[in-house]
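Here is how the chains run, residue by residue.
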Amino acid sequence: MIILKNEEKTLTYSEKDRKIGTGNSAINVPPNLIISPGDVINTKSGLYTALCFQPPEFGNVCKRNAQIIQPHDAAYMIFRSGVKSGSMVLEAGAGSGSLSSFILWSIGSSGKLVTADNNENNLAATRENLSKFYDLSNWLPLLGDIRTENIEGKFHAIFLDIPDPWNAISNVMENLKPGGFLTTYSPNFNQMEKTAVEMKKNGMLVLENTELIKRNMLVREGSTRPDHNSLWHTAFITFAVKRSSSSLKL
Ligand SMILES: C[S@@+](CC[C@H](N)C(=O)[O-])C[C@H]1O[C@@H](n2cnc3c(N)ncnc32)[C@H](O)[C@@H]1O
């Protein structure tokens, strides 16, 4: 899948279907025309530049049925929690698959991602969105409540983006490897507080409670300023590490 962008819009180009965009508004691309990253495409709706797909574009082109995790938050969540090629990751919930997209990109084909959601429609929408960009052979959707579901396997990292993450901590603790990260994403102060308190009650080291603010700039010759439309508050992110049962004396 190739991404077509200008300053206002983002479109997708499917090399398989040879279509730009989706549904009734899709534009057919003639068989002799090859679109490569960097090319400029002239359409009735304006000029677009072709780019390779990258996870920050996912939210611009996916079907959204829930609030998505923003790219600057997702990038930090992934790096801070040590997720890398080959990592085994569990997340809940799926929403529209924005965080899932970042995780799949980071773990590569040697890693594994289990995505749990208690809403069948959100899990189906996530699959549909992700399947445009990933082969999904290492993605396992799980329909269930992360607070009570008996989940198999041990993971390097667990991400919770649900309304009450504190209620899921004791259930997923068993699934986290010692030294592994539990990361939560909550829009409100009281959610972050309850979560961090519960993490400590479960014997975890709470490493960081943070909010990331990204300010976009409107750059115009002679009148450059912050963009009024920037989304300031997204959520509070809490990172905690699971301790092993060993207590080593030096
Ligand atoms: C805000 S959305 C997640 C957005 C997602 N992280 C993204 O980046 O697109 C919250 C999701 O959590 C799911 N959810 C809520 N409570 C849950 C629970 N107890 N167990 C599993 N999923 C849950 C909802 O159905 C919804 O899809």
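The model shown is predicted, which means the values in this text are computed figures rather than measured ones.

Basis of the calculations
- Residues numbered from 1 in each chain as written.
- Predicted model: local features only at pLDDT ≥ 70, side-chain atom pairs only at ≥ 80, totals over all residues.
- Helix = DSSP H or I, 4+ residues; strand = E, 2+ residues; numbered from the N terminus.
- Buried ≥ 20, exposed ≤ 12 C-beta atoms within 10 Å, placed from the backbone.
- Contact = placed C-beta atoms within 7 Å.
- Domains from an automatic or database assignment.
- Pairing = 2+ DSSP bridges.
- Axes fitted to C-alpha atoms, helices over the stretch in contact; angles between N-to-C directions.
- Core = buried A, V, L, I, M, F, W, Y, C linked by C-beta atoms within 7 Å.
- UniProt positions renumbered as here; feature names shortened; annotations may be inferred.
- Arc of directions from axis to C-beta.

Description of the overall build of the chain
Secondary structure assignment for the chain yields six helices and 15 strands. Dimensions of the chain, computed from the C-alpha atoms along their principal axes, are close to 65 × 45 × 35 Å. Considering the chain as a whole, with its 250 residues, one finds that 35% of them fall into the buried category. Across the chain, every contact between residues at least 6 apart in sequence was considered, and the portion connecting residues at least 24 apart equals 65%.

What to know about the domain arrangement of the chain
Domain parsing of the chain yields domain 1 (2-52) and domain 2 (58-241). Summarising the inter-unit geometry, the C-alpha centres of domain 1 and domain 2 are found 30 Å apart.

Description of unusual backbone geometry
Note: most residues except glycine have negative phi, and most peptide bonds are trans. Of the consecutive residues Ala92 and Gly93, the connecting peptide bond is found in the cis state with omega at -10 degrees. Looking at the element boundaries, Gly93 is found in the loop between strand E7 (88-92) and helix H3 (98-107). Even without being glycine, Arg18 reaches a positive phi, approximately 55 degrees. Within the secondary structure, Arg18 is located in the loop between strand E2 (10-14) and strand E3 (19-20). In this structure Arg18 comes out as partly exposed when scored by C-beta crowding, with 15 C-beta atoms within 10 Å. A positive phi angle is found at Leu136, which is not glycine, with a value near 70 degrees. Tracing the backbone through its elements, the reader meets Leu136 in the loop between helix H4 (120-131) and strand E9 (139-143).

Comments concerning H3
In terms of residue burial, H3 counts as a mostly covered element, since nine of its 10 residues are buried. Regarding H3, the residues found buried are Ser98, Leu99, Ser100, Ser101, Phe102, Ile103, Leu104, Ser106 and Ile107. One or two residues past the end of H3 sits Gly108, with phi positive at roughly 65 degrees.

Focus on the sheet that holds strand E15 (residues 236-241)
Spatially, seven strands are ordered E9-E8-E7-E10-E11-E15-E12 in an open sheet, and the strand pairing comes out mixed. Edge positions in the sheet fall to E9 and strand E12 (205-210), since each has one partner strand and no second. Each neighbouring strand pair of the sheet contributes to a mean axis angle of 15 degrees, computed without reference to strand direction. Relative to E15, E12 is paired through five bridges, and the arrangement is antiparallel.

Some thoughts on the nonpolar core
Val89, Ile103 and Ile158 are the most contacted members of the largest nonpolar core, which has 47 residues in total. Sequence-distant contacts of Val89, that is, excluding residues within four places in its chain, are made with Val83, Ile103, Ile107, Gly111, Leu113, Phe155, His156 and Ala157. Core analysis: the second largest hydrophobic core is formed by six residues, Ile3, Leu11, Tyr13 and Ile20 among them.

Structural notes on the UniProt feature "binding site: S-adenosyl-L-methionine" (unreviewed entry) in the chain
The sites that carry the UniProt feature "binding site: S-adenosyl-L-methionine" (unreviewed entry) are, in the present numbering, Ser96, Gly97, Ser98, Leu99, Asp117, Asp145 and Asp161. Structurally, Ser98 can be placed in helix H3. With residues up to four places along the chain from it excluded, the contact list for Ser98 reads Phe58, Gly59, Cys62, Ile68, Ile69 and Ala74. Tracing the sequence through the fold places Leu99 in helix H3. If sequence neighbours within four positions are ignored, Leu99 has contacts with Ile69, Ala74, Glu91, Phe159 and Asp161.

As for helix H2 (residues 71-80)
Among all positions of H2, only Asp73, Ala74, Met77 and Ile78 are buried. End-on view of H2: buried residues confined to an arc of 125 degrees, all on one side of the axis. Its buried side turned inward, H2 meets H3, strand E10 (155-160), strand E11 (176-186) and E15.

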